[in-house]
Every structure is written in structure tokens, then in C-alpha cells.
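# Notes for the structure review
Each chain, written out:
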Amino acid sequence: YKLGLIDEARVELRRYRYDHDDCNDYDPALRHRWIDNQDKTFLLPHGEILFPFAQELGMDPYFVYAMMRQESRFKEGARSPAGAMGLMQLMPATARRVARESGWDYFRPDQVTDPEINIRLGMEYLRILGRYFSEPLHKAASYNAGEGAVKRWQESRQDASLDEFIEEIPYE
């Protein structure tokens, strides 16, 4: 909404509804919270987890939703070919590191597929990335490529605008 992409959002939502009309993947979306404002409908799954934790961390919940949508398209059981899992697509090693750095007393790698733990760890990871990157675009890039890669890209393109930075990211 804030980006002025209402028409694109509506098309995406219609496509999702069409693709998942008779599919079990759509059922979880029906159980979760929706915002409906002047014919602008947005899916907000797992809001009962995400909103309070975003407030606790002082994080924009809609940035987290954007990451979740891009990472997994809101599919709880999503797995990438590289091994990332869950709604926030966390690699097991990253999940362990984030749990340790966030002071979790107990974490097992198999917990990364639990939606609540996955969302919390993903948000903790975004919080940690915020220590290194104030620009949301850099946080999003480092969420996928790692902090080291984004730091190297920044150093090699110090005068680049954000648009140029995006265009020159060497990953597909």
C-alpha cells in the first residue's frame, strides 16, 4: 500500500486465491487475520505471533511480512533446494546461530520448521542484521546472501544508489 503497488497486490492475491482455491495450502490462510480497508485486502498469516513480537523488537511488521512472502509465499512447509526451511526460510546453521546470539536457552534444529519458532528466529535474525545495516534493502539482501556478501558489495559499490546496488547484485 505504502509503495503504491495496490494493483500489483490485488493481482497477486487473485492469483494466489486462484492457484490455491482447491488446495490445502490455502486453508491456513483462511484461519489467519486479514486486513480489509476500502477494498484493499491483504493476507496477514500468523499475526498473533508476528505483531506482538514485532512490537517487542521495535520492528516494522510489514517488512517482516514482505520478507516472509518473498521467502516462502506464506507456506509453512517450504523448503529451498539449498536447505532453508519454513516461513522465513532459515538455514539450520543460521537458526542455531541466531538462537545462540539471541540468548535462547534451548534450541533444537528440528524446531526450525515450527511456524512460531521460525517466525521468531527470522525476526531475531532481521534484528541482528539491523546492527550491520540500517537500510532495509541491505537487510533484505543480507538475509539471503549473508552479511559478508552484502558488506563486500557495498565496499565495491560505495557510490551506487540503491537502485544501482540492486541491479548489480551478482545473484539471480
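Notes on the structure in this doc start here. (Residues numbered from 1 in each chain as written. Predicted model: local features only at pLDDT ≥ 70, side-chain atom pairs only at ≥ 80, totals over all residues. Heavy atoms only, no water.)

Time to look at the packing of aromatic side chains. What the rule picks out here adds up to 7 aromatic pairs. Each ring, one from W104 and one from F107, has its centre 6.3 Å from the other, and the planes form 75°; the classification is edge-to-face. By relative accessible area, W104 is classed as partly exposed at 26%. One aromatic cluster is present, formed by F51, Y62, Y65 and F74 through successive ring pairs. Of note, R120 hangs over the ring of F53, and the distance from its end group to the ring centre comes to 4.5 Å. For K139, the ring lying beneath its charged end belongs to F63, and the centroid distance is 5.9 Å. (Phe/Tyr/Trp six-rings, centres within 6.5 Å; stacked < 30°, edge-to-face > 60°. Buried < 20%, exposed > 50% of the residue type's maximum accessible area, 1.4 Å probe, protein only. Lys NZ or Arg CZ within 6 Å of the ring centre and 35° of its normal.)

It is at 12 Å that the axes of helix α4 (residues 61-72) and helix α7 (residues 136-145) come closest, and there the two elements cross at 35°. The element α4 and its partner α7 pack so that their crossing is right-handed. Taken together, the residues of α7 that come into contact with α4 (itself represented by F63, M67 and E71) are P136, K139, A140, Y143 and N144. Of the residues that constitute the contact of α4 with α7, the class distribution is 5 nonpolar, 1 polar and 2 charged. (Axes fitted to C-alpha atoms, helices over the stretch in contact; angles between N-to-C directions. Helix = DSSP H or I, 4+ residues; strand = E, 2+ residues; numbered from the N terminus. Left-handed = near helix turned anticlockwise from the far one by under 90°. Contact = heavy atoms within 4.5 Å. Nonpolar A, V, L, I, M, F, W, Y, C, P; charged D, E, K, R; others polar.)

In this section: unusual backbone geometry. Positive phi, close to 65°, is recorded for F74, a residue that is not glycine. The topology assignment puts F74 in the loop between α4 and α5 (92-101). Residues other than glycine seldom take positive phi values, yet Q89 does so here, at roughly 50°. Along the chain, Q89 falls in the loop between α4 and α5. A relative accessible area of 10% means that Q89 is categorised as buried.

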